[in-house]
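# Structural overview for review
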Number of protein chains: 2
Amino acid sequence: MDKIIVANILDVELNDIYPCEIHISDGYIEELIPIATTDPSDVDLDFEGILLPGFIDSHTHIESSLITPSNYAKAVIPYGTTSVIADVHEIANVLGIKGINFMIENGREVPFDFFYSAPSCVPATSFENSGAILDSEIVKLILNLNEVVSLGELMNVAGVLTGDEEILHKIESAKKLNKPVDGHAPLLSGEGLKQYIDAGITTDHESSSFDEAIEKKKLGMKIMVREGSSAKNFDDLLNKNDRQIFWANEEDAKNLSRDDYNVLVKNPIFDFLVTDDLNPIDLLKGHLDLLIKKLIETDVFPIEAIKMVTFNPSKHYNLDAGIIAVGKKANFVLIDNFDQFNILKTFVGGEIVYEDGKLMFDAKEVQTQNTFNLSKKIPEDFNIITNFKEGKVKACVIKVRDGSLITDKTIKQLDVKDYTIQEDVSKDILKIAVVNRYGGDTVANGFVKGFKIKDGAIASSVAHDSHNIIVIGTNNYDMAKAVNHITESHGGLVVCSRKKEINELLELPIGGLMCNDDVSTVAFKLKNLHNIIKLLGCEFESPFMTLSFLSLLVIPSLKLSDEGLFDSEEFKFIDIVEEIIEILDNKD
Amino acid sequence: MDKIIVANILDVELNDIYPCEIHISDGYIEELIPIATTDPSDVDLDFEGILLPGFIDSHTHIESSLITPSNYAKAVIPYGTTSVIADVHEIANVLGIKGINFMIENGREVPFDFFYSAPSCVPATSFENSGAILDSEIVKLILNLNEVVSLGELMNVAGVLTGDEEILHKIESAKKLNKPVDGHAPLLSGEGLKQYIDAGITTDHESSSFDEAIEKKKLGMKIMVREGSSAKNFDDLLNKNDRQIFWANEEDAKNLSRDDYNVLVKNPIFDFLVTDDLNPIDLLKGHLDLLIKKLIETDVFPIEAIKMVTFNPSKHYNLDAGIIAVGKKANFVLIDNFDQFNILKTFVGGEIVYEDGKLMFDAKEVQTQNTFNLSKKIPEDFNIITNFKEGKVKACVIKVRDGSLITDKTIKQLDVKDYTIQEDVSKDILKIAVVNRYGGDTVANGFVKGFKIKDGAIASSVAHDSHNIIVIGTNNYDMAKAVNHITESHGGLVVCSRKKEINELLELPIGGLMCNDDVSTVAFKLKNLHNIIKLLGCEFESPFMTLSFLSLLVIPSLKLSDEGLFDSEEFKFIDIVEEIIEILDNKD
């Protein structure tokens, strides 16, 4: 035995708080001796406050925070998070096994328990080109790693429903190892949903309404309530009114006593609190602690809220963390009380890794190979060409929603001049392009509405999930410049405007997704970019994150891959031009 | 706690035998309570005899026994072996990750502790074509698996010595995980050997003489004494006379008392007993138990002999087996006594899996994909062509040694007729060919001496390490027929003779390396083939195993890859024709 800690522990199995002697050996809890007392003030505690199990984010992509795993640990430990289940499919899409090895190795450099999901969909679909393909045999091998606790989100819903052999093989491998399979089924419902769940998929984090989540929950799924930077579902899934209506309907309110009913509505109904994707600016504000506090404010029992990031993931993923119990990792968060919910100390493996605002460890600088295999772009690469010189067309335009991964398809009239369809900046119809960076060297063009920038271009080497280069702009010149700037820098986020003499870059040299800075440095740089983008007219809270999801084909409705405009509902490529309205001139 | 066993245990740490209560929980030893007694006959033992730790073969290729891992477990458990460290590079060369997954999954079906080495050299060299390439990132991922305890034999000695980046990266990955790196350095000595060891390589199992082994040992290597079917080093490394001379020189015999000297010579000097490659016929006769008995017969202390397959591998590879100690797996062998050394019972995870000649489990039949991607061969494919019609040449011929992986290069005079160099069956100079089976569809031809068959052809889809099809024969017709028979059967061992109407096959449908039969069935079938081969004139004990190593380029001196004749000392391809002696006719 290495040490003994005496504290008031939260026992998430008994829903109780009591003073306890915790014996710790090799980072694990060896013995728990509850201290019998009639007067708690008698007990000589090592720390005042309540000792909770360290928090676990059950579904997140570290890469979205633009920092390395070890810097991620530094960022979240002050907020009481001691574990994440990271689906590393972003870096896997870029660098394959090399990327996964990098994440695991870098994570091991710090006192933090990284668990992983084996990426199930690399690439996410067969309608795009990524830097790597993880077939079912590689996924099986990855699933065999100790740190890998699940098969990651099965975004290829169509593949599951049509019984794609590779996907079924991956699911089977996970089942054989008793590791759960995570889902990703936005707006899926009815028979399709049943079939998806029957395939063995156990969780979903894509519900954007209470009704959607309840349908999934009733069919046996565990529901992850996601509150990320780009997708925010907390308010839609966890508000008190919905819970009241739900419990009143469910249990037949007439037969419930008022007291019983009051207890029921303090139950959050859903299972996990997760972040999925957090940009560094949001990550700097807090982590799961913010969500717990917010949930307690909706009148949920504090212990039930805490279970969503401790007991529930521990049980579902069979983790050796998340519960203060014998045999589990000695990962704790010391808070003052449930009302204030201040994080006083964080422990990993029995050691204090954070206290009094100070971290006890540092991250290590890393290097890793990158993949920017493409030629220099010229403005003409971003022309959308027609076979007539002048006229008007009805074009399919991607309509972006702020704070959502879901887009809409809208049809807009656009002019054709000199054989190219023209953007219409006055109506906020801008150009968008996805540029292949893995040797294909192709450019797929389209139109996008919602960003409202009046001049310039925004580009990113973070473009889910294949992470080609994505760019939007008011003109071809700035678009080409932005893409070339990323290529030359081997990854990054860029804003360019020739007119306003803007050319600002946040470098992301690790896979084009991450950098070596700590979260506050990256947040500062990103904030700077956001401010510039705001000056150009865009009012989105996370314009780069919103941009990055416009190439994620597995989320409705209209997206752009490096191969072209993609209808994510019909799951097929479509033409930009829906209809030619008139041809004014067809000759030179 | 699940159960208690009371027995006389061999404590390999204290070199002592005493009665002990063994508490077992979940397959592991939870507690050991020695029973204090003045009269051992007082103790109420559960079993008479001595309880040893289960034996561990620290280096073997399961595939060489032509059976699946689960059938391998069935084969060795009656001989007291409860673990092997398997280098699965044979199947990995054929099927890559899919093959490794197959071995791991199949091994899990039976009560046996399979540990693995991550294959370091797939393919073994860059001078041959295999079915898969395992790069340093895949190897790193494999090294991260729990069951993988070392980086497998670094056969690419030249790569280590020239600082090949991929190889260094693999070594570095193993070191970072504190997993030892296994060596493979036949006849390497002096500066080269030092450099090889300095790279971080910790073991060698290729020493074929006492002096070779001692040089390696003195430089810090752990020496594996190998006694397989094709390579037998036991007698050369462990004979008593060598030990006597060694200890006399070493410690300055004059200063040693007779008693001290007598103790020293009972020390085996070397570290492990391993099998490396066992054909099913040999495997049927016994396993590590045979080697222990043989070693005890050379006057080594029985406990020291047993340590070579228990304590030593346990320590070197950091295994949770191999010692009867708290926290270790409850794997035991019950023997009657050191003189008889009869295996009475075998335990795995605290359960009896073998007793009174009976196994308590069975293997599961499996299927796995294969790779035979080649066209039908015709006799002319095996012609060795010259640019003159008739004459005589001096040709480089592979000279085979029975019971050794090492070959010699010999120069023989051969006739040229009709633009082809002729075999000379009367002088035992036969044809040999390696036929690519991974889509390359090429045939590399050469000459071989030693097999002494008078008629027909012998072919095999087991051909180290790339496992293309290897064939020797007295004539092209039988060679083509043998190769085609293997292709049609998706793997196997074949003997053909048109003249004698022989066409016998042992099917190996799993990767062309293994079949679903149990060891006795395969041994019977192989014996049958051996008998036929004997009738054809070959007197080798394991003709197929000898044949299979003629394509292993990393062992001296002259070998044949699917790309041509290879000088394994100079590490380069060489021409079959060393010199043209005379040209008799150069026209049609």
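Let us look at the structure shown here. All values derive from a computational prediction rather than experimental measurement.

## Thoughts on the layout of surface pockets
All names here are of chain B. The space that makes up the largest pocket amounts to roughly 1,400 Å³. Per element, the largest residue contribution to the lining of the largest pocket is four residues, and it comes from strand β7 (residues 113-118). Taken together, the residues of the lining of the largest pocket break down into 22 nonpolar, ten polar and twelve charged.

## Regarding the pairing of strand β27 (residues 564-567) of chain B
All names here are of chain B. Pairing of strand β26 (residues 558-561) with β27 involves four bridges; the strand directions are antiparallel. Its bridge partner lying in β27, Leu 558 is registered against Asp 567. Between the end of β26 and the start of β27, which pair antiparallel, lie two residues. Of the strand pairs in this sheet, β27 and strand β28 (residues 572-573) are connected by two bridges, and their pairing is antiparallel. Counted as the bridge partner of Asp 567 is Lys 572 from β28. Hairpin connection between β27 and β28: a loop of four residues separates the two successive antiparallel strands, and Phe 571 in this loop has a positive phi of roughly 55°.

## Notes on the interface of chain A and chain B
Every contact between the two is made by 16 residues of chain A and, on the other side, 16 residues of chain B. Area buried by chain A at its contact with chain B is led by A:Asn101, A:Glu137 and A:Leu141, which between them contribute 31% of it. B:Glu105 serves as the salt-bridge partner of A:Lys140, at 3.2 Å between the closest nitrogen and oxygen. Here chain A is connected to chain B by seven residue pairs in polar contact (both at pLDDT 80 or more). Where the side of chain A that touches chain B is concerned, the elements lending two or more residues are α3 (97-107) and α4 (136-143) of chain A. For the side of chain A that touches chain B, the element with the most residues is α4(A), which contributes five residues.

## A few points about the relation of the copies chain A and chain B
Structural alignment of chain A on chain B gives an RMSD of 0.0 Å, achieved by rotating through 180° and translating 0.0 Å along the axis. Expressed as an axis order, the relation between the two copies is that of a two-fold axis. Looking at the rotation axis and the C-alpha trace of chain A, the residue lying nearest is A:Leu145, at 2.6 Å. When the interface residues of chain A are mapped onto chain B, 100% of them are again interface residues, pointing to one common binding face.

## What to know about the nonpolar core
If you look at soluble globular proteins, the nonpolar side chains tend to sit buried side by side. Membership of the largest hydrophobic core comes to 324 residues, with the highest contact counts inside it found for A:Phe270 and B:Phe270. When near neighbours in sequence (up to four residues on either side) are disregarded, A:Phe270 contacts A:Phe210, A:Ala213, A:Ile214, A:Lys217, A:Ile223, A:Val225, A:Leu237, A:Leu238 and A:Met308.

## With respect to the environment of A:Glu541
Mapped onto the secondary structure, A:Glu541 falls in the loop between α17 (519-535) and α18 (543-548). Sequence-distant contacts of A:Glu541, defined by excluding residues within four places in its chain, comprise A:Lys232, A:Asp282, A:Asp402 and A:His530.

## Side note on the packing of aromatic side chains
Evaluated as defined, the whole model comprises 30 aromatic pairs over all chains. Centroid distance B:Phe114 to B:Tyr116: 6.3 Å. Interplanar angle 15°. Geometry classified as stacked. B:Tyr116 matches B:Phe114 in its accessibility class, with the two residues each being buried. Through a chain of ring-to-ring contacts, three or more aromatic side chains come together here, namely A:Phe127, A:Phe566, A:Phe571 and A:Phe573. Positioned over the ring face of A:Phe311 is A:Lys307, at 5.5 Å from the centre of the ring. Sitting above the plane of the B:Tyr477 ring, B:Arg498 keeps its charged end 3.5 Å from the centroid.

## As for the pairing of strand β13 (residues 332-335) of chain A
All names here are of chain A. The two faces of β13 match: Phe 332 and Leu 334 on one face and Val 333 and Ile 335 on the other face are all buried. Here strand β4 (residues 50-53) pairs with β13 via four bridges, running antiparallel. The partner of Leu 51 across the bridge, within β13, is Leu 334. Here four bridges tie β13 to strand β14 (residues 343-348), and the two strands are oriented antiparallel to one another.

## Things to note about the sheet that holds strand β5 (residues 55-60) of chain B
All names here are of chain B. The strand order across the open sheet formed by eight strands is β5-β6-β7-β8-β9-β10-β11-β12, and the pairing between neighbours is parallel. Pairing within the sheet leaves two strands with one partner each, and these edge strands are β5 and β12 (272-274). For this sheet, the mean angle separating the axes of adjacent strands, direction not counted, is 30°. Relative to strand β8 (residues 148-154), β7 runs parallel, the two sharing three bridges. Bridge assignment links Ser 117 to a residue of β8, and that residue is Ser 150.

## Details of the side chain of A:Lys140
Mapped onto the fold, A:Lys140 is located in helix α4. You can call A:Lys140 buried: its relative accessible area is 7%.

Definitions and cut-offs
- Residues numbered from 1 in each chain as written.
- Chains lettered and ligands numbered in written order.
- Predicted model: local features only at pLDDT ≥ 70, side-chain atom pairs only at ≥ 80, totals over all residues.
- Heavy atoms only, no water.
- 1 Å grid on protein atoms, 1.4 Å probe; cavity = no way out; pocket = protein on both sides within 12 Å on 5 of 7 lines; lining within 4 Å.
- Points joined across faces, edges and corners; volume = space filled by probe spheres on them.
- Helix = DSSP H or I, 4+ residues; strand = E, 2+ residues; numbered from the N terminus.
- Nonpolar A, V, L, I, M, F, W, Y, C, P; charged D, E, K, R; others polar.
- Pairing = 2+ DSSP bridges.
- Contact = heavy atoms within 4.5 Å.
- Buried area = accessible area lost by both parts, 1.4 Å probe.
- Salt bridge = Lys/Arg side-chain N within 4 Å of Asp/Glu carboxyl O.
- Polar contact = N/O pair within 3.5 Å; in protein donor to acceptor, adjacent residues only side chain to side chain.
- Least-squares fit on C-alpha atoms with pLDDT ≥ 70 in both.
- Core = buried A, V, L, I, M, F, W, Y, C linked by side-chain atoms within 4.5 Å.
- Buried < 20%, exposed > 50% of the residue type's maximum accessible area, 1.4 Å probe, protein only.
- Phe/Tyr/Trp six-rings, centres within 6.5 Å; stacked < 30°, edge-to-face > 60°.
- Lys NZ or Arg CZ within 6 Å of the ring centre and 35° of its normal.
- Axes fitted to C-alpha atoms, helices over the stretch in contact; angles between N-to-C directions.

Any functional reading would require information beyond the geometric quantities listed.
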